Amino acid sequence: MSRSKRKWDHIEFALSTGQKRIAGFDDIDFIHQSLPDSAVDQVKIETEIGGLTLSSPILINAMTGGGGEKTLKINQELAMAAAETGLAMAVGSQMAALKDPAERESYKIVRQENPKGIVIGNLGSEADAEQAKRAIEMIEANALQIHLNVVQELTMPEGDRDFRDALRRIESICKNVHVPVIVKEVGFGTSRESAAKLAAAGVSAIDVGGFGGTNFARIENERRERLLSFFNGWGIPTATSILEVKAEETGVSIIGSGGIQTAFDAAKTIACGADAAAMAGYLLKILMSEGHVQLIKEIHTLHEELAFIMAALGAETIKDLQRAPFIISGKTHHWLSERGINTKVFSQRNI
């Protein structure tokens, strides 16, 4: 199967498999504040990721590119929405364009439609420093994502089977490119042990890519004759993964992603310790079913609702929201307790 055909298969399967409410956010409950001493018009949602200043903590995460005219149109319309709403946007893996110059336009269109915005490049962990430089140059990227997708590759019929030296290549990329490097899981979550290794390698940010959003094991299983069904439920739920990575205290920026569908999810993502909340599947579904004008309206609504939530908590800034008290229950509480993370500190803190 061609890489282009596989890219479009991923889009179609992502839309058809959908997302379930299993990212762990239902285990997070904010503690209500009757006297928040706040006002919606005083709320500021600017944030920082790896030294980059973002006007919004909501980020359009990597989805596609390299799949011909169809993926070019998706990236074009996502970029139009990003430009209109001030969102940073990541492209899908650019390896397709590095191997086939004909696919470059499906990525370059993002910078063309959003010449002044934050655009993030993307490559897999098989990439070397020279390929990273070419990917950055291709779209004049402000940052570069390196995605980790071991379980997806293992489930993919034609996927990679050798994952040695990935950390060494990431470290080399960090040393040899001039933009922040973000390492992103693709839906299986990032553990505190992995976060520590990535921080030591010099990454600027970690996108936890938790379990609970688009399920790439399930997508790849749709393309297999013999299913590896044990991978369909594999991973660390998003809320748990953010709390694990934050507990490691690496000092690197954290992006929460994986099943984030609402402003309430985004608020909980940030309260758990993330500096931004990245969305992909939810935004793609709106774009494909209702068009980019409706997508722009939805993003504006997300910003408005996030401001309402922050005002209710007495949080005027993203830093304030990261100190909002909440209770952890259910599977998330059990997981963190077993991992030696003190959950009580989150209920005792205050803005």
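Residues numbered from 1 in each chain as written. Predicted model: local features only at pLDDT ≥ 70, side-chain atom pairs only at ≥ 80, totals over all residues. Heavy atoms only, no water.

Undergrad: I keep staring at the sheet that holds strand β5 (residues 88-90) and nothing clicks. Help me out?
TA: Hydrogen bonding along the main chain pairs the strands of a sheet, whether they run parallel or antiparallel. An order of β4-β5-β6-β7-β8-β9-β10-β11 is seen for the eight strands of this closed barrel, with the pairing classed as parallel. When the angles between neighbouring strand axes are averaged without regard to direction, this sheet yields 30°. As judged from the three bridges shared by strand β10 (residues 253-257) and strand β11 (residues 276-279), these two strands associate in the parallel manner. Each bridged residue has a counterpart across the sheet, and for Gly256 the counterpart in β11 is Ala277. Strands β4 (58-60) and β5 of the sheet are contacted by helix α2 (residues 69-85), whose axis makes an angle of about 160° with β5. Along the sheet, helix α5 (residues 129-139) contacts β6 (119-124) and β7 (143-148); its crossing angle with β6, the most-contacted strand, is approximately 150°. (Pairing = 2+ DSSP bridges. Helix = DSSP H or I, 4+ residues; strand = E, 2+ residues; numbered from the N terminus. Axes fitted to C-alpha atoms, helices over the stretch in contact; angles between N-to-C directions. Contact = heavy atoms within 4.5 Å.)

Undergrad: What is the right way to look at empty space enclosed by the protein in this model?
TA: The rolling of a water-molecule-sized probe over the atoms marks out the regions of remaining empty space. Scanning all chains against the criterion turns up one cavity of 30 Å³ or more. By volume, the largest cavity is sized at about 40 Å³. Tallied by class, residues from the lining of the largest cavity come to ten nonpolar, no polar and no charged. (1 Å grid on protein atoms, 1.4 Å probe; cavity = no way out; pocket = protein on both sides within 12 Å on 5 of 7 lines; lining within 4 Å. Points joined across faces, edges and corners; volume = space filled by probe spheres on them. Nonpolar A, V, L, I, M, F, W, Y, C, P; charged D, E, K, R; others polar.)

Undergrad: I keep staring at the pairing of β10 and nothing clicks. Help me out?
TA: For a regular strand, the rule is simple: side chains alternate between the two faces of the sheet. For β10, the buried fraction is high: five of the five residues fall into the buried class. The two faces of β10 match: Ser253, Ile255 and Ser257 on one face and Ile254 and Gly256 on the other face are all buried. As judged from the three bridges shared by strand β9 (residues 205-207) and β10, these two strands associate in the parallel manner. Its bridge partner being in β10, Ile206 is matched across the sheet by Ile254. In terms of handedness, the path from β10 via helix α11 (residues 263-271) over to β11 forms a crossover that is right-handed. (Buried < 20%, exposed > 50% of the residue type's maximum accessible area, 1.4 Å probe, protein only. Right-handed = clockwise from strand over helix to strand, strands pointing away.)

Undergrad: What should I look at first to understand the pattern of salt bridges in this one?
TA: Where charged atoms from two side chains of opposite charge come close, those side chains can pair. Within this structure, the stated rule accounts for 14 salt bridges. The salt bridge involving Glu77 is made with Lys73; its shortest N-O contact spans 2.9 Å. With Glu77 and Lys73 both in helix α2 and four residues apart, the pair spans about one turn of that helix. Given the relative accessible area of 46%, Lys73 is considered partly exposed. The closest approach of N and O atoms between Lys133 and Glu130, which form a salt bridge, is 3.4 Å. Residue Lys133 and its partner Glu130 are both found in helix α5; the two are separated by three residues, about one turn of the helix. Under the relative-accessibility criterion, Lys133 is labelled partly exposed at 34%. Put simply, Arg21, Asp26 and Asp265 are held in one network by salt bridges that share partners. (Salt bridge = Lys/Arg side-chain N within 4 Å of Asp/Glu carboxyl O.)

Undergrad: Explain the pairing of β6 to me, please; I cannot follow it from the model alone.
TA: Of all six residues making up β6, six are buried, and the element is well covered by its neighbours. In β6, alternate side chains face the same way, and those of Val119, Gly121 and Leu123 on one face and Ile120, Asn122 and Gly124 on the other are all buried. One ladder, built from two bridges, connects β5 with β6; its direction is parallel. Note that in β6 the partner of Met89 across the bridge is Val119. For β6 and β7, the ladder comprises five bridges, and the chain directions are parallel. Bridging from a neighbouring strand, Gly124 pairs with His147 of β7. One crossover worth recording links β6 to the parallel β7 by way of α5, and it is right-handed.

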